[in-house]
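One letter stands for each residue in the lines below.
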Amino acid sequence: MIPARYAASRFPAKLMQDLSGKPVIVRTYEAAVRTGLFDEVYVVTDSEVIYQTIEDEGGKVLMSKKEHDCGSDRIAEAVADMEVDIIVNVQGDEPFTDRESLAGVIEVFKSDTEKEIDLASLMVRIGDEEEIKNPNTVKVIVDNRNFALYFSRSPIPYPRAKDDYTIYYKHKGIYAFRKRALMDFQHLPMLQLEATEKIEAIRYLEYGKKIKMVETIVTGIEIDTPEDLERAKAAWK
């Protein structure tokens, strides 16, 4: 499922921006299909423009309500009546989505015989100081089994003593959910930490859900700003 909201706050209409001849959302949809990992791939949108664009490209698209606060809510509405076990949320602004990373988050459920994991997501090491400090980059810290402890826009962990050993991880906004966890999410009210950080993954933690983080070395380019779009154009082959 690829949630696709037209009115992005930082970069309005970013999903309809041209990326080497096709809109960003079409490039992301094609990338997800091209992995060959999924029984079905859908764009879920509140926008008539995006809906028509995907339909014109021969893709599968569902219309959702406009008033959803986040992608999880939008996807929960879309899958409520579907017979599915695992749903993968690919962000609409990630046209460089790759097979290896998606396979990694799916694989954790195959080995989770105790059904301990509610959802899985991706993280990638970052070393650039500007990116570590950038509030648009969501950081994650994990326990010794790679379960998420917390997500933040601030640098975490805070380096009390300067050294070369502190490792920072960026959270990449790709999730794989058990359907039950996703359906629970839409009925859980937002609490203080999520409201403060504006990071939907925190809601799962605040209500005791377990998020397994999978490290990837694939960074790609998430298109949050016009500058990101220019970098994506330069990198597109």
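For the structure itself, look to the data block above.
Structural notes, computed from the coordinates.

### With respect to empty space enclosed by the protein
Here is step 1: For the coordinates displayed, the defined rule picks out 1 cavity of 30 Å³ or more.
Here is step 2: Reported here for the largest cavity is a volume of approximately 70 Å³.
Here is step 3: Lining the largest cavity are 13 residues, and of these E94, F96, T97, D98 and K172 sit closest to its centre.
Here is step 4: Secondary-structure elements contributing two or more residues to the lining of the largest cavity are α4 (99–110) and β10 (168–178).

### Details of helix α2 (residues 48–56)
Here is step 1: Among the residues making up α2, those that are buried are I50, T53 and I54. For α2, the angular spread of the buried residues around the axis is 95 degrees, confining them to a single face. The exposed set on the far side of α2, more than 90 degrees from its buried face, consists of E48 and D56.
Here is step 2: Looking at the buried positions of α2, the neighbouring elements they touch are β1 (2–4), β3 (22–23), α1 (24–34), β4 (43–45) and β5 (61–63).

### A word on the sheet that holds β4
Here is step 1: Pairing is parallel across the open sheet formed by 3 strands, whose spatial order is β1-β4-β5. Each of the sheet's edge strands pairs with one partner strand only, and the pair in question is β1 and β5. The mean inter-strand angle of the sheet, taken between neighbouring strand axes irrespective of direction, is 25 degrees.
Here is step 2: Its contacts with the sheet put α1 on β1 and β4, and the angle it makes with β1 is roughly 175 degrees.
Here is step 3: Contacts from α2 reach β1, β4 and β5 within the one sheet, and its direction differs from that of β5 by about 160 degrees.

### Brief notes about unusual backbone geometry
Here is step 1: Along the chain, I156 connects to P157 via a cis peptide bond; the corresponding omega equals 0 degrees.
Here is step 2: The residue P157 is located in the loop between β9 (148–152) and β10 in this model.
Here is step 3: The phi dihedral of A13 falls on the positive side, at around 60 degrees, and the residue is not glycine.
Here is step 4: Counting through the fold element by element, A13 comes out in the loop between β1 and β2 (18–19).
Here is step 5: Given the relative accessible area of 13%, A13 is considered buried.

### Notes on the nonpolar core
Here is step 1: Formed by 33 residues in total, the largest nonpolar core has its most connected members in I2, I25, V43, I50, I54, V88 and V105.
Here is step 2: If sequence neighbours within four positions are ignored, I54 has contacts with I25, V26, Y29, V43, G59, K60 and V61.
Here is step 3: Membership of the second largest hydrophobic core comes to 28 residues, among which are V79, I87, V138 and A201.

### Details of the pairing of β9
Here is step 1: Across 4 bridges, the pairing between strand β8 (residues 139–142) and β9 is antiparallel. Across the sheet, residue K139 finds its bridge partner in β9, namely S152.
Here is step 2: Following β8, the chain reverses through 5 residues before pairing antiparallel with β9; N146 in that reversal takes a positive phi of roughly 65 degrees.

### Remarks on the layout of surface pockets
In this approach the atoms are scanned with a rolling probe the size of a water molecule, which exposes any empty space left behind.
Here is step 1: The volume enclosed by the largest pocket comes to roughly 1,400 Å³.
Here is step 2: Along the wall of the largest pocket there are 46 residues; nearest its centre are R10, Q91, D93, R153 and D224.
Here is step 3: In terms of residue count, the dominant contributor to the lining of the largest pocket is β10 (5 residues).
Here is step 4: Partitioned by chemical class, the residues of the lining of the largest pocket number 13 nonpolar, 13 polar and 20 charged.
Here is step 5: By volume, the second largest pocket amounts to about 450 Å³.
Here is step 6: Looking at side-chain class alone, the lining of the second largest pocket contains 15 nonpolar, no polar and 4 charged residues.

What counts as what
Residues numbered from 1 in each chain as written. Predicted model: local features only at pLDDT ≥ 70, side-chain atom pairs only at ≥ 80, totals over all residues. Heavy atoms only, no water. 1 Å grid on protein atoms, 1.4 Å probe; cavity = no way out; pocket = protein on both sides within 12 Å on 5 of 7 lines; lining within 4 Å. Points joined across faces, edges and corners; volume = space filled by probe spheres on them. Helix = DSSP H or I, 4+ residues; strand = E, 2+ residues; numbered from the N terminus. Buried < 20%, exposed > 50% of the residue type's maximum accessible area, 1.4 Å probe, protein only. Arc of directions from axis to C-beta. Contact = heavy atoms within 4.5 Å. Pairing = 2+ DSSP bridges. Axes fitted to C-alpha atoms, helices over the stretch in contact; angles between N-to-C directions. Core = buried A, V, L, I, M, F, W, Y, C linked by side-chain atoms within 4.5 Å. Nonpolar A, V, L, I, M, F, W, Y, C, P; charged D, E, K, R; others polar.

Structural measurements only, silent on function.
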